[in-house]
Amino acid sequence: MASTAHRPPRTATRRRSPTAPPRSFRWIRRIFLTALTGFVLLPVYVMLSSSLKPLEDVSGTFHWLPSELTIRPYLDIWRTVPLARYFINSLIVAGSATLCSVLIAIFAAYAVSRHRFRGRRVFTITVLSTQMFPGILFLLPLFLIYVNIGNSTGVALYGSRGGLILTYLTFSLPFSIWMLAGYFASVPRELDEAAYVDGCGPLGALFRVVVPAALPGIVAVAVYAFMTAWGEVLFASVMTNDTTRTLSVGLQGYATQNDVYWNQVMAASLVVSVPVVAGFLLLQRYLVAGLTAGAVK
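Quick summary incoming for the structure in this document.

Section: the overall build of the protein
A count of helices and strands for the protein gives 14 helices and zero strands. Looking at the protein as a whole, 34% of its 297 residues are labelled buried. Pairs at least 24 apart in sequence give 75% of the contacts found in the protein among residues at least 6 apart. Total accessible area computed for the protein in this model is approximately 18,600 Å², and 67% of it derives from carbon and sulfur atoms.

So this is what it looks like as structure tokens:
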């Protein structure tokens, strides 16, 4: 039997890396992240539990554990207010604003990042300067413009979905152009030259080479434009009427002069959040990559 006298002794514990944080810091980090997670998830639990309670339980003293569970609020939200119509309006407005914003931003950002033309710097500064002003400053001017256009030409922009889409483009399009211009600038110009050699024109190089390479940035812009239009309240409350009202404004219908249907408000809020949350989870990888690349560039 071989002798084991010359075997090296085993170390009782692993040596800690010099760059590893101390154990106390790791415990503090875990405690802080756990508290932060609980702080974020607490409102979600309150919404979920309140949406499964009868109105009598929600109107009274709040209890952390529901005494009775019911799905009745999720059925009543469609009858108390025309939530389905508001849902369709929001989908049309947010989807159209996102599509227009992405298409226009692709062409504008490609021109800014690939070509040198007179007024390029002024255009870039103007696009960025629009982000300095709060949106409420544009509310009254847009309202007066839409009313005057409707009186002079008969084109009803005020109270219509088209007018609301144009309104959302005024503050989602500048950010989209600025972000995509930075992302397109990170795409090597050699790809455009290779596309030209293969016989592509400027549009062919854009859609066959640059757009696929900049897909994460385009997705990030699309998610930003959709989320901005989906949850906007100020302009939607002024620029719409009963037939074109969106979800963010329609949720106010659950509050009447006599009572507030809190359980239906919570249920409708969760239903409204489903498209945004689902889209964010599905496109999270592209969103993070697009925001990071645009910020670094």
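Quick look at the pattern of salt bridges
Side-chain pairs of opposite charge can arise whenever the charged atoms involved come near each other. Applying the stated criterion across every chain, the model contains four salt bridges. Residues D76 and R79 are paired through a salt bridge, measuring 2.7 Å at the closest nitrogen-oxygen approach. Placement of both D76 and R79 in helix α3 (residues 72–80) is noted, with a separation of three residues, approximately one turn of the helix. With a shortest N-O distance of 2.7 Å, R245 and D242 are connected by a salt bridge. Judged by relative accessible area, R245 falls into the partly exposed class, the value being 23%. Linked by salt bridges that have partners in common, R72, D76 and R79 make up one network.

Section: the packing of helix α4 (residues 83–114) against helix α10 (residues 215–230)
It is the contact of α4 with α10, at a shortest axis distance of 8 Å, that shows an interaxial angle of 145°. In this structure, the crossing between α4 and α10 has a hand that is right-handed. From α4, F87, S90, L91, A94, G95, A97, T98, S101, V102 and I106 reach across to α10, where they touch I218, V221, A222, A225, F226, A229 and W230. Here the residues of the contact of α4 with α10 sort into 13 nonpolar, four polar and no charged.

Section: helix α13 (residues 262–282)
Helix length check: α13 (21 residues) gives 30 Å between terminal C-alpha atoms against 30 Å at 1.5 Å per residue, within 8%. The complete set of buried residues in α13 reads N263, Q264, V265, A267, A268, S269, L270, V271, V272 and V276.

Regarding the packing of aromatic side chains
By convention here, two paired aromatic rings are described through the distance between centres and the angle between planes. If you walk through the whole model with that rule in mind, you get 10 aromatic pairs. Ring centres of Y45 and W64 lie 6.3 Å apart, and the angle between their planes is 15°; on these two criteria the pair is classed as stacked. Of this pair, Y45 sits in helix α1 (residues 23–51) while W64 sits in the loop between α2 (55–59) and α3, and the two are 19 residues apart along the sequence. Take W64: its relative accessible area is 49%, and that puts it in the partly exposed class. Three or more aromatic residues joined by ring pairs make a cluster, and in this case those are F87, F226 and W230. When the ring centre of W27 is taken as reference, the NZ or CZ atom of R30 above it lies at 5.0 Å.

Quick look at α3
All of the buried residues in α3 are P73, D76 and I77. Buried residues of α3 fall within an arc of 115° about the axis and therefore sit on the same side.

Let's talk about the nonpolar core
Counting 31 residues, the largest nonpolar core has I77, L83, Y168, W230, L247 and Y254 as its most contacted members. Counting only elements with at least two residues in this core, the list comes to α4, α6 (139–153), α7 (161–185), α10, α11 (234–239), α12 (247–250) and α13. Setting aside chain neighbours within four positions, we find Y168 in contact with V93, A97, A229, E232, F235 and A236. Listed in part, the 27 residues of the second largest apolar core include A109, F184, V187 and V221.

Focus on the environment of P82
Counting through the fold element by element, P82 comes out in the loop between α3 and α4. Separated by 171 residues in sequence, P82 and G253 have C-alpha atoms that sit 9.0 Å apart.

Here we look at a nonpolar patch on the surface
Taken together, the side chains of F32, L33, L36, F39, V40, L41 and V44 make up a nonpolar region of the molecular surface, amounting to roughly 720 Å² of accessible area. Within the secondary structure, L36 is located in helix α1.

Regarding the environment of A255
Mapping A255 onto the fold places it in the loop between α12 and α13. For the pair A255 and V265, spaced 10 residues apart in the sequence, the C-alpha separation amounts to 8.5 Å.

Observations concerning the environment of R120
Looking at the secondary structure, you find R120 in helix α5 (residues 120–129). When neighbours within four sequence positions are excluded, R120 is seen to be in contact with V112 and H115.

Considering the side chain of S51
Mapped onto the elements, S51 comes out in helix α1. We classify S51 as buried; its relative accessible area is 0%. Among the polar contacts listed, one links the side chain of S51 to the side chain of Y74, at a separation of 2.7 Å. Ignoring any residue separated from it by four or fewer positions in sequence, one finds S51 in contact with T70, P73, Y74, N263, M266, A267 and L270.

About the cut-offs
- Residues numbered from 1 in each chain as written.
- Predicted model: local features only at pLDDT ≥ 70, side-chain atom pairs only at ≥ 80, totals over all residues.
- Heavy atoms only, no water.
- Helix = DSSP H or I, 4+ residues; strand = E, 2+ residues; numbered from the N terminus.
- Buried < 20%, exposed > 50% of the residue type's maximum accessible area, 1.4 Å probe, protein only.
- Contact = heavy atoms within 4.5 Å.
- Areas by Shrake-Rupley, 256 points an atom, 1.4 Å probe, with all protein chains shown as cover.
- Salt bridge = Lys/Arg side-chain N within 4 Å of Asp/Glu carboxyl O.
- Axes fitted to C-alpha atoms, helices over the stretch in contact; angles between N-to-C directions.
- Left-handed = near helix turned anticlockwise from the far one by under 90°.
- Nonpolar A, V, L, I, M, F, W, Y, C, P; charged D, E, K, R; others polar.
- Expected span 1.5 Å × (residues − 1).
- Phe/Tyr/Trp six-rings, centres within 6.5 Å; stacked < 30°, edge-to-face > 60°.
- Lys NZ or Arg CZ within 6 Å of the ring centre and 35° of its normal.
- Arc of directions from axis to C-beta.
- Core = buried A, V, L, I, M, F, W, Y, C linked by side-chain atoms within 4.5 Å.
- Patch = residues over 30% accessible without salt bridge, like charges linked within 9 Å, V, L, I, M, F, W, Y side chains within 5 Å.
- Polar contact = N/O pair within 3.5 Å; in protein donor to acceptor, adjacent residues only side chain to side chain.

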